[in-house]
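# Structure assessment
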Amino acid sequence: MPKERIGIMGGSFNPIHDRHIEIAVCAKNEQKLDRVIFLPTGNPPHKHEGLAGAEERFEMTRLAVSGTAGFTASRMELEREGVIYTVDTLMRLQKQMPNADLFYIIGEDTLFDLPNWRRPDKVFTLCRFLVCRRSTGDGLASHPAVRELEKRGARFEFLSLPPKDVSATAIREAIRSGAEPAGVKPQVLEYIRLMGLYGTPPSPPGAAQMYPRLRQTLSDKRLQHSLLVASTARALAQKHGVNPEQAALAGLLHDCAKCMPLASLQRIARENRLLLDKETLQSENLLHGPVGAVVAEREYGVSDPNVLSAIRCHTTGKVGMLPLDMIVFLSDKIEPSRRSYPALEVVRGLAEKSLVAAMSYSLESTLEYVRSQKTTPHPATQRVADWLKRIQPPQEAEGAHALCK
């Protein structure tokens with residue numbers, strides 16, 4: 001049986017950014033790695049200033065790689081006390097996976113620092129190095145320092161990824177100044193806002209305390225979706241003059257009951273005397289909205305009636321929706337990870353300009369699809385669509401129609 005080829009991507013990941021992911025993808029493809037393990041450092045020997053907590057850096061890493069085939073985040077270096085050295089990590093990995101070949105992914109600057117590592121000659125026996133260049137030219141492989149390391153037993157392969165200098169310090173400074181830096185996944189940026197990392201105030205207030213419970217009760221995929229809905233809702237709220245913290249909180253918690261079984265949702269609905277139609281009571285996809293508002297209030301301490309309303313009606317909508325309701329409803333449909341569907345890009349474009357137009361087009365598209373499947377649409381969906389037609393200005397309807405062509 002051939003040995004498993006495992007890539008190791010270590011680093012402070014403070015924060016993890018797209019260049020980390022690009023390097024790992026390149027290494028996996030070019031060296032035919034079976035998987036790549038991301039190892040956030042717990043207590044690195046050289047980096048301390050401006051370093052976010054180990055748990056926060058692990059969670060950012062986990063959020064960034066979750067859902068990517070062959071990528072996982074490991075807590076190995078977080079669960080050890082004292083200063084963490086690579087040689088100790090590699091020895092543990094070799095013990096855990098004796099039939100695996102380990103490939104340590106590093107940058108050019110790290111390559112030249114290898115002689116300063118703890119027990120470098122031992123490290124050279126434990127892994128091969130996959131090196132990402134930070135400068136142009138092909139001379140790195142023949143550099144005298146590289147030749148000297150090879151004489152000591154180091155083994156190198158050089159990745160073809162073009163050089164690109166990405167500064168984590170610049171990313172942190174941008175976050176601290178309130179900017180939204182490119183190159184950081186939106187779910188990671190939203191987590192940074194929620195937790196108040198890198199000099200930002202926690203936003204919305206209280207979300208940092210809610211997050212651990214949400215992570216415990218939701219699947220990884222649903223948690224990612226919730227962070228992306230919060231991020232999308234925050235951005236739409238800023239465009240449309242709605243409180244962004246209300247929008248982010250409602251977006252974060254909109255699916256807080258989504259992973260409950262139908263029997264539990266129905267029990268909560270009965271206990272709280274929710275007046276719901278038969279179709280809603282028999283559907284997890286519909287019932288988690290109104291039940292989610294109960295859960296958000298009772299288990300997460302949300303008291304804002306507008307936030308609870310947005311959670312309650314995000315599945316079917318309601319006649320008389322407020323802008324916050326529409327923002328959460330739309331964000332659920334258009335967040336970045338949504339798989340493409342015929343109306344997606346049109347709704348995204350409309351949402352930037354008019355919430356009513358985006359809602360109207362989204363619901364009409366849903367109704368059209370349901371009818372094409374020879375099924376009956378939910379009565380609430382039809383009522384909301386009819387209401388939106390009545391309140392939508394004619395010029396907006398014409399603009400939406402033009403955008404669809």
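Quick caveat, the model's predicted, so the values are computed rather than measured.

Attention shifts here to the packing of helix 2 (residues 54–65) against helix 10 (residues 220–239). In contact at an axis separation of 10 Å, helix 2 and helix 10 are set at 100° when each is read in the N-to-C sense. Compared by their axis directions, helix 2 and helix 10 come out roughly perpendicular. Packed against helix 2, whose contacting residues are E59, R62 and L63, the element helix 10 presents D220, L223, Q224 and L227 at the interface.

Next up on the list: helix 10. An α-helical turn contains 3.6 residues, so a residue and the one three or four places further along point in the same direction. The end-to-end C-alpha separation of helix 10 is 29 Å, in line with the 28 Å expected for 20 residues at 1.5 Å each. Taking burial as the measure, the 20 residues of helix 10 include 14 buried ones, the bulk of the element. Positive phi appears at G241, one or two residues downstream of helix 10, with a value of about 70°.

Spatially, the six strands line up as an open sheet ordered 3-2-1-4-5-6, and their pairing is parallel. Each of the sheet's edge strands pairs with one partner strand only, and the pair in question is strand 3 (71–73) and strand 6 (156–158). Sheet twist, expressed as the average angle between the axes of neighbouring strands with direction ignored, equals 25°. Sheet topology note: the strand 4 (residues 100–107)/strand 5 (residues 128–132) ladder contains five bridges and is parallel. Pairing of I105 across the sheet is with L130, part of strand 5. Lying on the sheet, helix 3 (residues 86–96) is in contact with strand 1 (4–11), strand 2 (35–40) and strand 4; it crosses strand 4 at an angle near 155°.

This part is about the pairing of strand 2. Along any regular strand, the residues point their side chains to alternate faces of the sheet. Within strand 2, five of the six residues are buried, which leaves it mostly tucked inside the rest of the structure. Bridge count for strand 1 against strand 2 is six bridges, and the pairing is parallel. Bridging from a neighbouring strand, I6 pairs with R35 of strand 2. Examined bridge by bridge, strand 2 and strand 3 share three bridges and lie parallel to one another. Bridge pairing in strand 3 places F38 opposite A73.

Moving on: helix 2. For helix 2, spanning twelve residues, the distance from its first C-alpha to its last is 17 Å, which sits close to the expected 16 Å at 1.5 Å a residue. Judged by how many residues are buried, helix 2 sits mostly within the fold: nine of twelve residues are covered. Buried within helix 2 we find R57, F58, E59, M60, T61, R62, L63, A64 and V65. Packing partners of the buried residues in helix 2 comprise helix 1 (18–30), strand 2, strand 3, helix 8 (186–195), helix 9 (207–217) and helix 10. Looking one or two residues beyond helix 2, the residue adopting positive phi is G67, at roughly 95°.

Below, the discussion takes up the environment of Q209. Along the chain, Q209 falls in helix 9. Distance in space between the C-alpha atoms of Q209 and L194 is 9.2 Å, their sequence separation being 15 residues.

The tally for this structure, following the rule as stated, stands at 21 salt bridges. A salt bridge links R62 to E59; the nearest nitrogen and oxygen atoms lie 2.9 Å apart. Of this pair, R62 and E59 both sit in helix 2, three residues apart, roughly one helical turn. Each member of the pair R62 and E59 is classed as buried. A salt bridge links E150 to R147, with the nearest nitrogen and oxygen atoms 3.2 Å apart. With a gap of three residues between them, E150 and R147 both fall in helix 6 (residues 144–151), about one helical turn apart. Owing to a relative accessible area of 29%, E150 belongs among the partly exposed residues under this scheme. Take R147: its relative accessible area is 44%, and that puts it in the partly exposed class. Members of the salt-bridge network, linked through shared partners, are E59, R62, R215 and D220.

Parameters at a glance
Residues numbered from 1 in each chain as written. Predicted model: local features only at pLDDT ≥ 70, side-chain atom pairs only at ≥ 80, totals over all residues. Heavy atoms only, no water. Axes fitted to C-alpha atoms, helices over the stretch in contact; angles between N-to-C directions. Helix = DSSP H or I, 4+ residues; strand = E, 2+ residues; numbered from the N terminus. Parallel < 35°, antiparallel > 145°, perpendicular 65-115°, else oblique. Contact = heavy atoms within 4.5 Å. Expected span 1.5 Å × (residues − 1). Buried < 20%, exposed > 50% of the residue type's maximum accessible area, 1.4 Å probe, protein only. Pairing = 2+ DSSP bridges. Salt bridge = Lys/Arg side-chain N within 4 Å of Asp/Glu carboxyl O.

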